[in-house]
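Each chain is listed here by its residues.
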Amino acid sequence: MFDHRRSHRPSISYRPIRPSDLEVIEKIHAELFPIRYESEFFLNVVHGRDIVSWGAVDRNRHNGKSDELIGFVTARINMARESEVEEFLRFETPRADEKLIYILTLGVVDSYRNHGIATSLIREVIKYASNIPTCQAVYLHVISYNNSAIHLYKKMSFQCVRRLHAFYFINGQHYDSYLFIYYVNGGRSPCSPLELATLLVAYIRSGFRSAASRLWCKKENEVPRWMKCKESSSCLVPMTQNKRMLTTTATGC
């Protein structure tokens, strides 16, 4: 493939994907991704059937290709309550209409990489999600060996929240996936890092207090009865009743 980076300075612009892009987008997917997509997927993309998309073109490209796709991103609106990332969201009030944007595919042809195109396409998705008041986050999966994509999402402040074992099955082999999430419109994790640390400290302290309390009760129960008689008239109580009192106290500690 001819390397445009050595011939001219690209003028990248972004536009919606159209039905006329069908052949090109199928070709680019086949070149970039090890996963094969059904024809129905591409038809849904170019006709906007439950899928939103953006395409990148090079206006300085010659030979009548100034409007031909050189990059794209496709995404779908999912209901938060039905998604796999619901546990990573905090719902201030119960709402059945909370939404998420799931990025399906993102790609840039080889000769146009390192021009910030992928970053700009992701920003388009984030902007779109931010304009939906009920949308809380953008999320996606990345195959575990795609280090450049992992670096890109981390650089753009996506949070890696989970590693999914054997998520992909490609050419007879299983591959893990990372789940990334980017919060919008005030959406956030059920526990922020500070809140999580605070809860952890409180839990540890509570455990120490509970252990100390049990130890204290045990030592109290081991004190000889003649010593307790010096401090309390309860030793005048019959022996059987005194044992019940000790047992009840120890259980409550």
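Parameters and conventions
- Residues numbered from 1 in each chain as written.
- Predicted model: local features only at pLDDT ≥ 70, side-chain atom pairs only at ≥ 80, totals over all residues.
- Heavy atoms only, no water.
- Helix = DSSP H or I, 4+ residues; strand = E, 2+ residues; numbered from the N terminus.
- Buried < 20%, exposed > 50% of the residue type's maximum accessible area, 1.4 Å probe, protein only.
- Contact = heavy atoms within 4.5 Å.
- Areas by Shrake-Rupley, 256 points an atom, 1.4 Å probe, with all protein chains shown as cover.
- Axes fitted to C-alpha atoms, helices over the stretch in contact; angles between N-to-C directions.
- Parallel < 35°, antiparallel > 145°, perpendicular 65-115°, else oblique.
- Left-handed = near helix turned anticlockwise from the far one by under 90°.
- Nonpolar A, V, L, I, M, F, W, Y, C, P; charged D, E, K, R; others polar.
- pLDDT = per-residue confidence, 0-100.
- Pairing = 2+ DSSP bridges.

1. Quick look at the overall build of the protein chain
So, step 1. Within the protein chain, the secondary structure is distributed over seven helices and seven strands.
So, step 2. Along the protein chain, from the amino end to the carboxyl end, the secondary structure elements read β-α-α-β-β-β-α-β-α-β-β-α-α-α.
So, step 3. The buried share of the protein chain, reckoned over its 253 residues, is 35%.
So, step 4. In the protein chain, of all internal contacts separated by at least 6 residues, the share reaching a separation of at least 24 is 67%.
So, step 5. Carbon and sulfur atoms make up 53% of the accessible area of the protein chain, which amounts to about 15,900 Å² in all.

2. Focus on the packing of helix 1 (residues 22-32) against helix 2 (residues 39-47)
So, step 1. Put simply, helix 1 and helix 2 touch, their axes get as near as 10 Å, and they point 130° apart. By the angle between their directions, the pair helix 1 and helix 2 is classed as oblique. The handedness of the crossing between helix 1 and helix 2 comes out as right-handed. Residues Leu22, Ile25, Glu26 and His29 of helix 1 lie in contact with helix 2, whose contacting residues are Ser39, Phe41, Phe42, Leu43, Val45 and Val46.
So, step 2. Of the residues that constitute the contact of helix 1 with helix 2, the class distribution is seven nonpolar, two polar and one charged.

3. A closer look at the confidence of the model for the protein chain
So, step 1. Of the residues in the protein chain, 70% reach a pLDDT of 70 or more, and the chain-wide mean stands at 80.
So, step 2. Predicted confidence is poor over residues 223-253, with pLDDT under 50, and the contacts of this stretch with residues over four places away or in other chains come to 15 contacts.

4. Examining unusual backbone geometry
So, step 1. A positive phi angle, near 75°, is found at serine 157, a position not held by glycine.
So, step 2. Considering the arrangement of structural elements, one finds serine 157 in the loop between helix 4 (147-155) and strand 6 (159-170).
So, step 3. One non-glycine residue, asparagine 171, lies in positive phi territory at about 50°.
So, step 4. Mapped onto the elements of the fold, asparagine 171 is located in the loop between strand 6 and strand 7 (173-183).
So, step 5. When its relative accessible area of 77% is taken as the criterion, asparagine 171 is described as exposed.

5. Here we look at the sheet that holds strand 2 (residues 52-58)
Backbone hydrogen bonds hold the strands of a sheet together, and the pairing may be parallel or antiparallel.
So, step 1. The sheet built from seven strands is open, its strands ordered 1-2-3-4-5-7-6 with mixed pairing. The open sheet has two free edges, formed respectively by strand 1 (12-15) and strand 6, since each of these has just one partner strand. Taking the axes of each pair of neighbouring strands and ignoring which way they run, one obtains an average angle of 25° across the sheet.
So, step 2. Note that strand 2 and strand 3 (residues 69-79) share six bridges and pair antiparallel. Within strand 3, the position partnered with valine 57 by the bridge is leucine 69.

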